[in-house]
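So you can see what is in the structure, the chains are spelled out below.
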Amino acid sequence: MLDYPITQWASVCVVAGAVVGLLLNIPMVTQDEGYLPAYVAGAGLTRADPVAVSRPLAVAVHHGTAFAAALLYGAVVAGLSSVLPMAVSLNGVPLLPHIAGVAGVSAFIYYFFARIAMPRFGGSVRDTADEIIRQWALTAFIFGTALALFVPVLVTWL
């Protein structure tokens with residue numbers, strides 16, 4: 001069972017989403033095609049070509065996705081912690097639900113982008129889709145790793 005009230009747990013997830021979203025700016029801007037997934041997602045919202053999406057919208061979509069993914073992670077952990085045994089915990093975060101939540105959400109954000117967003121909204125950047133998807137896979141992995149490491153630390157501060 002999760003050792004935190006659901007409101008406190010949701011707060012932890014929101015803060016984790018904000019921090020991890022900010023940290024993800026580093027790998028996204030350092031990769032050749034790294035920030036393009038945010039532009040593709042923005043294209044999905046505006047029905048415009050990714051190259052026509054404004055940078056502020058792409059940044060907002062990027063950080064909004066980090067918030068949403070962290071909240072989804074929190075929901076998965078809260079749900080699984082009520083049914084899985086709490087053999088080991090990391091500062092009150094049950095280990096098995098934590099690992100399942102991080103792996104599941106990371107896989108989901110990769111899959112959603114690679115199989116739904118990019119094919120539907122890639123527009124003029126579809127010719128580099130393979131490279132963009134590979135770099136998004138790395139970003140999704142970094143997201144999951146950062147979330148996995150940061151949440152158990154963050155719960156001790158709140």
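A brief look at the structure comes next.

## Remarks on the nonpolar core
Next up, step 1: Counting residues in each nonpolar core, the largest one holds 25 residues, and the members touching the most others are Trp 9, Tyr 73, Val 93, Phe 143, Leu 147, Val 151 and Val 155.
Next up, step 2: Of all the elements in the fold, those that place two or more residues in this core are helix H1 (6-30), helix H3 (55-81), helix H4 (95-121) and helix H5 (129-157).
Next up, step 3: With eight residues, the single largest contributor to this core is H5.
Next up, step 4: Residues in contact with Phe 143, not counting those within four places in the same chain, are Val 20, Leu 24, Ala 66, Ala 69, Ala 70, Val 105, Ser 106 and Ile 109.
Next up, step 5: With 18 residues, the next largest nonpolar core counts Tyr 35, Tyr 39, Val 53 and Ala 129 among its residues.

## Section: the environment of Tyr 110
Next up, step 1: Turning to its location among the elements, Tyr 110 is positioned in helix H4.
Next up, step 2: Considered as a pair, Tyr 110 and Pro 5 are 105 residues apart in the sequence and their alpha carbons are 30 Å apart.
Next up, step 3: The contacts of Tyr 110, once residues within four sequence positions are left out, are Ile 133, Trp 136, Ala 137 and Ala 140.

## Regarding unusual backbone geometry
Next up, step 1: Non-glycine residue Arg 47 carries a positive phi angle of around 60°.
Next up, step 2: Residue position: Arg 47 is located in the loop between helix H2 (36-46) and H3.
Next up, step 3: Residue Asn 91 is not a glycine yet carries a positive backbone phi of 55°.
Next up, step 4: Structurally, Asn 91 is set in the loop between strand E1 (89-90) and strand E2 (93-94).

## Considering the packing of H4 against H5
Next up, step 1: Remark: H4 packs on H5, axes separated minimally by 9 Å, with the N-to-C direction vectors making an angle of 160°. The angle between H4 and H5 falls in the class roughly antiparallel. Our pair here, H4 against H5, has a crossing hand that is right-handed. Counting all contacts with H4, which are made through His 98, Val 102, Val 105, Ser 106, Ile 109, Tyr 110, Phe 113, Ala 114 and Met 118, the residues of H5 involved are Ala 129, Ile 132, Ile 133, Trp 136, Ala 137, Ala 140, Phe 143, Gly 144, Leu 147, Ala 148, Val 151 and Pro 152.
Next up, step 2: Partitioned by chemical class, the residues of the contact of H4 with H5 number 18 nonpolar, three polar and no charged.

Rules used throughout
Residues numbered from 1 in each chain as written. Predicted model: local features only at pLDDT ≥ 70, side-chain atom pairs only at ≥ 80, totals over all residues. Heavy atoms only, no water. Core = buried A, V, L, I, M, F, W, Y, C linked by side-chain atoms within 4.5 Å. Buried < 20%, exposed > 50% of the residue type's maximum accessible area, 1.4 Å probe, protein only. Helix = DSSP H or I, 4+ residues; strand = E, 2+ residues; numbered from the N terminus. Contact = heavy atoms within 4.5 Å. Axes fitted to C-alpha atoms, helices over the stretch in contact; angles between N-to-C directions. Parallel < 35°, antiparallel > 145°, perpendicular 65-115°, else oblique. Left-handed = near helix turned anticlockwise from the far one by under 90°. Nonpolar A, V, L, I, M, F, W, Y, C, P; charged D, E, K, R; others polar.

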